[in-house]
Amino acid sequence: MIVLKFGGTSVANATNIAKALDIVSQKSKENQLAVVVSAFSGVTDLLILAGKTAAAKDKNYKEIIGQIDQKHKAAIDELIPLSEQSDIITTINNDINLLKTLLDGCYLLGELSNRTADIVAGFGELLSSQIIAVALKQKVSNSAFKDSREVIKTNSNFGKASVDFQVTNQLIADFFHNSNYQVVLFPGFIASSLDGNTTTLGRGGSDYTAAIIAAAVKASVLEIWTDVNGMFTANPKIVKQAQPIETISYQEAMELSHFGAKVLYPPTIQPVLQDSIPIFIKNTFEPEAYGTLISNHPNEGSNPIKGISHIDSIALLTLEGSGMVGVAGSSKRLFEVLSNENINVIFITQASSEHSICIGILNIDAAKAKAAIDKAFEIEISQNKVDPCSIEKDLCIVALVGESMKNHQGISGKMFSTLGKNNVNIRAIAQGASERNISVVINEKDVNKALNTLHERFFEDNTKQLNLFVMGVGNVGEKFIDQINQQMNFLKENLKINVRVIAMSSSRQMVFNEEGIDLHDWKGALSQGEKASIPAFIAHCKALNLRNSIFVDITANYEVAGIYDQFLSQNIAVVTCNKIACSSEYANYKNLKALSRKYNAPFLFETNVGAGLPIIDTLKNLIASGDKVNRINAVLSGSLNFIFNNFSETYSFHDVVKEAGVQGFTEPDPKIDLSGVDVARKILILIRESGYQMEMEDIENNSFLPKECMDTQNNDDFFASLLKHADHFNALLADAKAKDCRLKFVASFENGKANVGLQLIPSDSPFYNLEGKDNIVQFYTDRYVDQPLLIKGAGAGAAVTASGIFADVIRVGNV
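Let us look at the structure shown here.

What counts and how
Residues numbered from 1 in each chain as written. Predicted model: local features only at pLDDT ≥ 70, side-chain atom pairs only at ≥ 80, totals over all residues. Heavy atoms only, no water. Helix = DSSP H or I, 4+ residues; strand = E, 2+ residues; numbered from the N terminus. Rg over C-alpha atoms; globule rule 2.2 N^0.38 Å. Buried < 20%, exposed > 50% of the residue type's maximum accessible area, 1.4 Å probe, protein only. Contact = heavy atoms within 4.5 Å. Axes fitted to C-alpha atoms, helices over the stretch in contact; angles between N-to-C directions. Parallel < 35°, antiparallel > 145°, perpendicular 65-115°, else oblique. Left-handed = near helix turned anticlockwise from the far one by under 90°. Nonpolar A, V, L, I, M, F, W, Y, C, P; charged D, E, K, R; others polar. Polar contact = N/O pair within 3.5 Å; in protein donor to acceptor, adjacent residues only side chain to side chain. Expected span 1.5 Å × (residues − 1). Core = buried A, V, L, I, M, F, W, Y, C linked by side-chain atoms within 4.5 Å. Salt bridge = Lys/Arg side-chain N within 4 Å of Asp/Glu carboxyl O.

## A look at the overall build of the protein chain
Here is step 1 of the chain: Tallying secondary structure elements over the protein chain gives 30 helices and 30 strands in all.
Here is step 2 of the chain: On C-alpha atoms alone, the protein chain measures out to a radius of gyration of 36 Å, which is more than a quarter above the 28 Å that the 2.2 N^0.38 rule sets for 815 residues.
Here is step 3 of the chain: For the protein chain, the C-alpha atoms occupy an extent of roughly 115 × 70 × 55 Å along the three principal directions.
Here is step 4 of the chain: Buried residues in the protein chain amount to 54% of all 815 residues.
Here is step 5 of the chain: For the protein chain, restricting intrachain contacts to residue pairs at least 6 apart in sequence, the fraction spanning at least 24 positions comes to 72%.

## Considerations on the packing of helix H23 (residues 638-646) against helix H24 (residues 653-662)
Here is step 1 of the chain: Packing of H23 against H24 brings their axes to within 9 Å, and their N-to-C directions diverge by 140°. By the angle between their axes, H23 is oblique relative to H24. Of the two elements, H23 crosses H24, and the hand of that crossing is right-handed. Together, Phe-642, Ile-643, Phe-644 and Asn-646 of H23 and Phe-653, Val-656, Val-657, Glu-659 and Ala-660 of H24 make up the contact between the two elements.
Here is step 2 of the chain: Within the contact of H23 with H24, the residues separate by chemical class into seven nonpolar, one polar and one charged.

## Quick word on the packing of helix H1 (residues 14-28) against helix H6 (residues 123-137)
Here is step 1 of the chain: In contact at an axis separation of 11 Å, H1 and H6 are set at 55° when each is read in the N-to-C sense. Judged by the inter-axis angle, H1 sits oblique to H6. For the pair H1 and H6, the sense of crossing is right-handed. Between H1, through Ile-17, Leu-21 and Val-24, and H6, the contact on the second element is made entirely by Ile-132, Ala-135 and Leu-136.
Here is step 2 of the chain: Residue composition of the contact of H1 with H6, grouped by class: six nonpolar, no polar and no charged.

## Topic: the environment of Met-324
Here is step 1 of the chain: Assignment of secondary structure puts Met-324 in the loop between strand E12 (307-320) and helix H11 (330-340).
Here is step 2 of the chain: Through-space distance from the C-alpha of Met-324 to that of Ala-372 is 18 Å; in sequence the pair is 48 residues apart.

## Considering the side chain of Ser-206
Here is step 1 of the chain: Position of Ser-206 among the secondary structure elements: in helix H8 (residues 205-216).
Here is step 2 of the chain: Within the structure, Ser-206 has its side chain in polar contact with the side chain of Ser-38 (distance 3.3 Å).
Here is step 3 of the chain: Apart from the residues lying within four places of it in its own chain, the contact partners of Ser-206 are Lys-5, Val-36, Val-37, Ser-38, Glu-125, Gly-188 and Phe-189.

## Things to note about helix H21 (residues 586-598)
Here is step 1 of the chain: For H21, which comprises 13 residues, the first-to-last C-alpha distance of 18 Å matches the rise-based estimate of 18 Å (1.5 Å per residue) to within 8%.
Here is step 2 of the chain: Those residues of H21 hidden inside the fold are in contact with helix H20 (564-568), strand E24 (603-604), helix H22 (615-624) and helix H26 (677-689).
Here is step 3 of the chain: Directly beyond the C-terminal end of H21, a positive phi value near 55° is found at Asn-600.

## Quick look at the nonpolar core
Here is step 1 of the chain: Ranked by internal contacts, the top residues of the largest apolar core, which has 81 residues, are Phe-469, Phe-537, Phe-551, Phe-653, Leu-686 and Phe-779.
Here is step 2 of the chain: With 49 residues, the next largest nonpolar core counts Phe-40, Ile-96, Cys-106 and Val-120 among its residues.

## Thoughts on the pattern of salt bridges
Here is step 1 of the chain: This model, assessed by the stated rule, comprises 28 salt bridges.
Here is step 2 of the chain: Lys-579 serves as the salt-bridge partner of Asp-678, at 3.2 Å between the closest nitrogen and oxygen. Remark: Lys-579 occurs in the loop between strand E23 (573-576) and H21 and Asp-678 occurs in helix H26; sequence separation between them is 99 residues. Like Lys-579, Asp-678 is buried.
Here is step 3 of the chain: In this structure, the salt-bridge partner of Glu-708 is Lys-724, at a minimum N-O distance of 3.1 Å. On the criterion of sequence distance, the pair formed by Glu-708 in helix H27 (residues 707-710) and Lys-724 in helix H28 (residues 715-724) is long-range, its members being 16 residues apart.
Here is step 4 of the chain: Given a relative accessible area of 36%, Glu-708 falls into the partly exposed group.
Here is step 5 of the chain: Judged by its relative accessible area of 58%, Lys-724 falls in the exposed class.
Here is step 6 of the chain: Put simply, Lys-579, Asp-678 and Lys-682 are held in one network by salt bridges that share partners.

And the structure:
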């Protein structure tokens, strides 16, 4: 015999019921079946609500009864031919009338006893099963309905009764011994006490009903039909990359179901375990999918972890004090108190010093538990031997589950380091001696990040997902997004990095998509976005709380440069080409670096100097290896180098500056480049990265621009001033040619002093032949004394700057 159970979603409506009946019909051709069904989806919740509403003397319970009646009558109309509806409608009407009578009594008394609550809650399965049994007759004529209350007997613990297996097994065996039906259909969830009162087996108890029947008849297999393809490596609603688990042991399945795997009710496994009856978790809507097989002999595979699960809404209670150390019975007293209050303990950990005991319970039980514990230990508390019980609420338990974990070293270390790198704080840890489960308690707001991070680490072939929040989609920003789109598959296949752009913002609009913005049409998505707001952008990034988040600043905006600390302190990496932050006050620069270290959030700004050239990275490696920078000479402005390389008697200074802007070599405000401010920022950053303390005002800026040009307030006035002072610029060019020199804007640092300014470069200088928009940097160090370490290449342009930003993003991915 095979036992099949169909859950609430599988019998949610007539369409789904028809699919379930097709499965039953097909399987009945070769096997005798026992079929267990749940209530129609949502009906049990409506029944519980109706009971509470009636007990609260609210007449709206009658409307709820009407909804329940209508839902079942609609199913009858769709499933059963009109000519065969009479008897089942009479049955349903009788049951609905009985339900109404019970709730009328609750309304009059203003009370809902546990006994009555069980009767009310059980109507869902009773109604659904009787309708489905009639519909089944059309497909399998040799089928029958059997009320589970007649064969499953329990004690009188209403709400979650305990089964009397000796009596139950005999009744079920006797029934099937005397039955010649090919298919027998049972309502799940409901049973009865030995004196005949309706009891229930707990929410999710339909699984348990099926397991009880399977064990009693020694079924060849128990099949749980639901709306997913089996048990998953994690909750697929939270972890999109979660995968079905093909095979799993009974013990692993119990652990996962205890820790929140919703497809299986935790007690289900116990009845079938003794007889090693395999359990199949199958999908009603994809019956051909393999599903999950639960048995004594699962395929182990190479991964010691079978799944990651979690329980929400947890409170952590801590009882501690010197009066507990070496005192026998403290734990016993604590757990007796909780047992007496009918409070379930989900999680336990105790310090080896016996100084404290920490337990996890549901949030809703926290206040009651604290009051009971404080009362039980009031003498010790009054004597200051024990502290009053402390509570932390809104927590979550996350558990790694795997039978083979005990044979693999370092699982715990990988779990803790993975969470730590994503700034997920662990409040408590527990691991059983069987090493089948490692559990941690974390803040509930971090559960999405934690589950995805752990799943990525243990199940996704070490593929790391990077979630980008991009601010600035101008010339460089557009190139950056195009490069990501172009390289996305390469990164996945070769570097095991999955890059998603979660948000982007221009100066006018911003758009968020937690699943990742389609980069083939990102402009369209942005045009449909909301009004841009820096505070709202920050708030949304924090609220999403995604793992491996990176804020990418591709602006030259002062306000944007001032918000990096808000990202770093939330464990969100910052990648920026904006030089303002790193050239701001030294205290701010040091604070950002400190936040980066404290919260394990990379702060990378390679493109601050030299666009895509590896200048800062090389400098960091020099310092890290113990070298010391003594002197720096550099041409650091690709835009100025382009300008002075192309400025000639036939190509005016005004026109070449215009062209530099068109090609994206200058800042949006070209005066920043031409004034020397941009170069001063760059040399300042190199000086600070070399280990020296310096402020912007300490750098001598020998500007070549006339004062009138410097005093302009907008770009139009600035370009007009360049035309007005053309003779000044022509004179600079003539002087250089007369001395067989070239004009270069040079930055220098030596002996604690720095300056930037236009210089005449002789033909024997390595700076002389610096063409186009190239940069060059010379580092003189303790190791590079006579011949400096030299870095040279394109130092401006949207494409190379974008590639430098992209390289920093990849560096974050490789951390």
